[in-house]
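# Fold and contact review
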Amino acid sequence: MKVFALILFAIFLLANSCRTRSETKSSDTGSVVDTETLIRINQQLVKDDIAKNEAYARNNNWDYSITGNGIIYEILNHSKGLVGKAGDQVEFSYESKLLDGTFCYSSDSNGLKKFLVDYEEVESGINDMAKLLSEGDSARIILPPHLAFGLTGDRNRVPARSSLIYHLRLLKIH
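The notes below deal with the structure included here. (Residues numbered from 1 in each chain as written. Predicted model: local features only at pLDDT ≥ 70, side-chain atom pairs only at ≥ 80, totals over all residues. Heavy atoms only, no water.)

Moving on, we come to the pattern of salt bridges. Scanning all chains against the criterion turns up five salt bridges. Lys 85 serves as the salt-bridge partner of Asp 88, at 3.3 Å between the closest nitrogen and oxygen. For the salt bridge of Lys 131 with Asp 118, the shortest nitrogen-to-oxygen distance reads 2.9 Å. A residue pair is termed long-range when its members are at least 10 positions apart, and Lys 131 in the loop between helix 4 (124-130) and strand 8 (138-143) and Asp 118 in the loop between strand 7 (113-116) and helix 4 qualify at 13 residues. The class of Asp 118 is partly exposed, set by a relative accessible area of 39%. (Salt bridge = Lys/Arg side-chain N within 4 Å of Asp/Glu carboxyl O. Helix = DSSP H or I, 4+ residues; strand = E, 2+ residues; numbered from the N terminus. Buried < 20%, exposed > 50% of the residue type's maximum accessible area, 1.4 Å probe, protein only.)

The structure is reproduced here in structure tokens:
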């Protein structure tokens, strides 16, 4: 019986090793999904999100710039303080809302955002802005979903695949 089980296990491993690396099996449907197709779909979603966010900024007369990864930002008050870098502890005051104006979070109710740049868990778009802003700068930014709370949202106030508008002020760099 053990030999039979080992033979079945070996056949299973051999059969699954024949599948190409660019395919994965969906456990719900049993269908094979091409990973390259999923990558193309994701890339298109990111492009669509950035285009939607840029249209929002343009329609609201922002004097904005766009980072290479799709953050739209407008510096509202520029100071000549230090610029954040990896390992710095930064403190932000903030307010976030959805593109439709729905309030999400603020430092007034949740406290300041404090984190080590590149070393602590925070929305990756906020981490990126910590390396772009100077101490004392204030800005408004639009984070596309892939740099905010992603596919699932935060399961509280931020729905799935939501872009977020932040009003930020970099208060302190340690």
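It is worth spelling out unusual backbone geometry at this point. The backbone of Asp 118 shows a phi angle near 70°, a positive value even though the residue is not glycine. At Arg 161, a position not held by glycine, the phi torsion is positive, near 50°. Since its relative accessible area comes to 29%, Arg 161 is described here as partly exposed.

Counting residues in each nonpolar core, the largest one holds 26 residues, and the members touching the most others are Val 90, Phe 92, Phe 115, Ile 126, Ile 141, Tyr 166 and Leu 168. Of all the elements in the fold, those that place two or more residues in this core are strand 5 (89-98), strand 6 (103-106), helix 4, strand 8 and strand 9 (164-173). With five residues, the single largest contributor to this core is strand 9. Look past the residues within four positions of Leu 168 in its chain and what remains in contact with it is Phe 92, Ser 93, Tyr 94, Ile 126, Met 129, Leu 133, Asp 137, Ser 138, Ala 139 and Ile 141. (Core = buried A, V, L, I, M, F, W, Y, C linked by side-chain atoms within 4.5 Å. Contact = heavy atoms within 4.5 Å.)

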